[in-house]
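So the chains spell out like this:
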Amino acid sequence: MQPAVPDPPPMNGKLRLTPALSDAPIGVPARKNGAMSQPSTQGQVQHAQPSVGSIAAHRPHTLAAAVSDLDPDIDADLDAYDEDGQVGHDGAELPQGRFLDRERSWLAFNERVLELAEDPHTPLLERANFLAIFASNLDEFFMVRVAGLKRRIATGVATRSASGLQPREVLELIWNRSRELMARHAACYQEDVAPGLADEGIHLVRWNELTEKEQSRLFTLFRQQIFPVLTPLAVDPAHPFPYISGLSLNLAVVVRNPVSGHTHFARVKVPPLLSRFLEASPQRYVPIEDVIAAPAHLAELFPGMEIQEHHMFRLTRNEDLEVEEDDAENLLQALEKELMRRRFGPPVRLEVEESIDRNVLDLLVRELKISEAEVYPLPGPLDLTGLFGIAALDRPELKYPKFIAGTHRDLAEVESASAPDIFAALRERDVLLHHPYDSFSTSVQAFLEQAAADPDVLAIKQTLYRTSGDSPIVDALIDAAESGKQVLVLVEIKARFDEQANIKWARKLEEAGCHVVYGLVGLKTHCKLSLVVRQEGESLVRYSHVGTGNYHPKTARLYEDLGLLTAKQEVGADLSDLFNRLSGYSRRETYRRLLVAPKSLRDGLISRVNKEIQHHRAGRPAYVRIKVNSMVDEAVVDSLYRASQAGVPVDVWVRGICAVRPGVAGLSETIRVRSVLGRFLEHSRVFAFGNGGEPEVWIGSADMMHRNLDRRIEALVRVTDPAHRAALNRLLETGMSDTTASWHLGADGNWTRHALDPEGQPLRNVQEMLIDARRRRRGTATP
């Protein structure tokens, strides 16, 4: 049930759309012209005796957490947008309240992840994985979005959201909706996934379900490898309440001194570097906190005391970063200091076992200075991100069928066992890559490795936003620098939760002789670009890669992304100009085949949407098709509304949050919004326009959010090959098709899953279709 929030009153006589909290009908003023309607593996499992490393603990933003990037980017989007006075296609003002609430939309996204975990057709270990993803996503949502909202309310800078809700209403909505979703999440684990795993011989048990022999083995393990790293902290007049770090599991223990008769509170932190689950015997796993909390083990921690009760709890803190770049002489040092401060952010959520004693809970609430609304009682075990380790078990029959990407046809070496000459291939034609269906390692990675080893390559310029801990991309750049090539690397050290890793790689690259820069003050460098300059005879030839995803070989096997490899000189010239802007002093704002944020990207896309209106009026082919992770930028959304009012068909394929209200009479009748989630993370961004019969298609790094369009360096590249444009349009049509499994967004903000046809048969899965196509046509160029 949604929280009851009153409709905002009309303002100045203007119609307000009802905020998306119910199924209330939505209406807008009548128009003169009717709108056309258009229908990882993580750590190895070990037995209890050898070591603690049974199933590696999931810590956010290590590579097991790569999958947790299923969450959309959730930085604050606070730029002002004057909703009043925005006119529609017919000159009338667009109605207020026409934007769906982004926080509710994000929670709806995570609900779609949960629905995959709840779906009995999803393979069982994949269901466990989606449960872990849901938990990890929600952790980050509270650490960033909820924390930011609370901070803005406390400082008095929060304003009414574009959806028409006051900040306090949004916060209460989050508390209520997240409570419902967390209850569903726990029930899915307790009542469905855990029993299902047990039926398959994978038992997730609690301490009291272990046999005596299993408990004895774990007692030995506890004494040898767990007890030495535990630190019980007492709370009394001589010992203040200890600092509780964010996302740590903690044991609240109440003990009694038999001599004095006094009771005392103590806290025991579950060490985050130890395994989350321990294998008590083959295929039987117990949470590590159960092992620590066993009566005999607590007696070891508190000898001579009487253990009266114990309860698990977990705290979420504000872990957003705030670096005032204008005041920071050295951004690297300023960020390192801020990373040290991050762990001391204020609390935003307290998870407790539902059996917790009221007195203990009151103590935690009081000492942690958290409100009752932020307390979430749940059945144990807490922190189901630990299921990442269970999902990594080697049981292929309980997972999606294995898929190994092949080399793209245009890069495959058929007649020789030698590595393909990528430069020669690019001199013949552009190559449109679609990961993970096309191998990243034999395309983008091979492109940079060949460039590093080629004596005719003079320079490599590269952006790095996120990469893996053992990155062959970084190794190739280091090899290139050490061989005397000019290597420029744009390292974005402010990539959320990867800051520490990127600082490490920045220093390693500098030590190897690379020129490392951190982009422009006040802007994150999010574009995905590689430029190779090669001496060929008397000429310098530039080879380019523009992508939608990070240069991260491991996540490239999990993320769906697109990339263009090209030797076209206008793209190379654009990349040269853009890299010069990022590394030096340049005010260039226009490019040949690029749209670049923050200057030209939003306006460039809106102008193309507006052209579709003109084409439609003239009877020429017109459409707008967009695939993004997030669609919340009000100016872009308003342009789609105006196009729809003019009768232009508009399709939006969005993975995560979306502010568009589709299907509203007189406003958005021709707009359809779909979402696809599955085994791969839909991550590519595509923008396609009918353009009067000469389709125009762009791919790149930008989502439709304020922070992408105003506070980041983003780049889209225009795809010119007719076959590539057709392939991308086919991809968009497939994702939006009513015969493809997806979620459909309604005007009220509710998503409806469409997974079965009228006969009850499963609809086509777009990802499985692409996998099957690659298996049938190994190495073809069509996405």
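Residues numbered from 1 in each chain as written. Predicted model: local features only at pLDDT ≥ 70, side-chain atom pairs only at ≥ 80, totals over all residues. Heavy atoms only, no water.

Q: What should I look at first to understand the packing of aromatic side chains in this one?
A: Centre-to-centre distance and the angle between the planes together describe a pair of aromatic rings. For the coordinates displayed, the defined rule picks out eleven aromatic pairs. Between Phe141 and Phe142, the ring centres sit 6.1 Å apart and the planes meet at 90°, which makes this aromatic pair edge-to-face. Overall, the relative accessible area of 0% leaves Phe141 in the buried class. Feature note: the residues Trp106, Phe109, Phe141, Phe142 and Tyr376 constitute an aromatic cluster, connected by ring pairs. Above the face of the Tyr623 ring, Arg625 is positioned so that its terminal group lies 3.8 Å from the ring centre. The ring of Trp653 has Lys627 sitting right over it, with the charged end atom 4.9 Å from the ring centre. (Phe/Tyr/Trp six-rings, centres within 6.5 Å; stacked < 30°, edge-to-face > 60°. Buried < 20%, exposed > 50% of the residue type's maximum accessible area, 1.4 Å probe, protein only. Lys NZ or Arg CZ within 6 Å of the ring centre and 35° of its normal.)

Q: Which parts of the structure should I look at to understand the pairing of strand 21 (residues 671–675)?
A: Along any regular strand the residues' side chains alternate between the sheet's two faces. With respect to burial, strand 21 is a largely interior element, five of its five residues being buried. By the alternation rule, side chains of strand 21 split into Ile671, Val673 and Ser675 and Arg672 and Arg674, which are all buried. Here strand 21 pairs with strand 26 (residues 742–745) via two bridges, running antiparallel. The residue bridging Arg674 from the neighbouring strand is His744, located in strand 26. (Helix = DSSP H or I, 4+ residues; strand = E, 2+ residues; numbered from the N terminus. Pairing = 2+ DSSP bridges.)

Q: Teacher, can you tell me more about the pairing of strand 23 (residues 685–689) here?
A: Counting buried positions along strand 23 yields five of five residues, so the element is predominantly enclosed. Alternating residues of strand 23 divide into Arg685, Phe687 and Phe689 and Val686 and Ala688, and every residue in both groups is buried. Two elements, strand 19 (residues 624–628) and strand 23, share four bridges in a ladder whose sense is antiparallel. Within strand 23, the position partnered with Lys627 by the bridge is Val686. In this sheet, strand 24 (residues 696–700) lies alongside strand 23 in antiparallel orientation, the contact comprising five bridges. The residue bridging Phe689 from the neighbouring strand is Glu696, located in strand 24. What sits between strand 23 and strand 24 in their antiparallel hairpin is a turn of six residues, with Asn691 showing a positive phi close to 55°.

Q: Help me understand helix 15 (residues 601–617), please; the structure alone is not making it clear to me.
A: Over its 17 residues, helix 15 runs 25 Å from end to end, which matches the ideal 24 Å to within 8%, given 1.5 Å per residue. Of the residues flanking the end of helix 15, it is Gly619, one or two places downstream, whose phi is positive at about 80°. (Expected span 1.5 Å × (residues − 1).)

Q: It is not clear to me how empty space enclosed by the protein should be interpreted in this structure. Could you clarify?
A: Roughly 170 Å³ of internal volume is contained in the largest cavity. Forming the boundary of the largest cavity are 17 residues, of which His185, Glu351, Leu378, Asp383 and Leu384 lie nearest the centre. Contributions of two or more residues to the lining of the largest cavity are made by helix 2 (124–155), helix 3 (167–199) and strand 8 (347–353). Of the residues forming the lining of the largest cavity, the biggest block, four residues, is contributed by helix 2. (1 Å grid on protein atoms, 1.4 Å probe; cavity = no way out; pocket = protein on both sides within 12 Å on 5 of 7 lines; lining within 4 Å. Points joined across faces, edges and corners; volume = space filled by probe spheres on them.)

Q: I would appreciate a short explanation of the environment of Ala480 in the present structure.
A: Relative to the assigned elements, Ala480 resides in helix 12 (residues 472–482). Judged by relative accessible area, Ala480 falls into the buried class, the value being 0%. Apart from residues no more than four positions distant in its own chain, Ala480 is found in contact with Ala452, Ile460, Lys485 and Val487. (Contact = heavy atoms within 4.5 Å.)

Q: Help me understand the packing of helix 1 (residues 102–118) against helix 3, please; the structure alone is not making it clear to me.
A: Axis angle and axis distance: for two packed helices, these are the angle between their axes and the distance between the axes, and together they describe the pair. Interaxial distance between helix 1 and helix 3 falls to 10 Å at its minimum, and their mutual angle equals 5°. It follows that helix 1 is roughly parallel to helix 3 by the angle criterion. Residues Glu103, Arg104, Leu107, Glu111, Leu114, Glu115, Ala117 and Glu118 of helix 1 form the contact with helix 3, whose participating residues are Val170, Leu173, Ile174, Arg177, Ser178, Leu181, Arg184, His185, Cys188, Asp192 and Val193. The residue makeup of the contact of helix 1 with helix 3, split by class, is nine nonpolar, two polar and eight charged. (Axes fitted to C-alpha atoms, helices over the stretch in contact; angles between N-to-C directions. Parallel < 35°, antiparallel > 145°, perpendicular 65-115°, else oblique. Nonpolar A, V, L, I, M, F, W, Y, C, P; charged D, E, K, R; others polar.)

Q: Sorry, what's going on with the sheet that holds strand 6 (residues 284–287) here?
A: Within a sheet, adjacent strands bond to each other through the backbone by hydrogen bonds, running parallel or antiparallel. Across the sheet, which stays open at both edges, the three strands sit in the order 1-6-5 with mixed pairing between neighbours. What marks the edges here is a single partner per strand, and that holds for strand 1 (203–204) and strand 5 (277–281). Relative to strand 6, strand 1 is paired through two bridges, and the arrangement is parallel. Looking at strand 6, one finds that Leu204 is bridged to Tyr285. Strand contacts of helix 4 (residues 212–226): strand 5 and strand 6, with the helix running at about 135° to strand 5, the strand carrying the most contacts.

Purely spatial values, then, with no claim about function.
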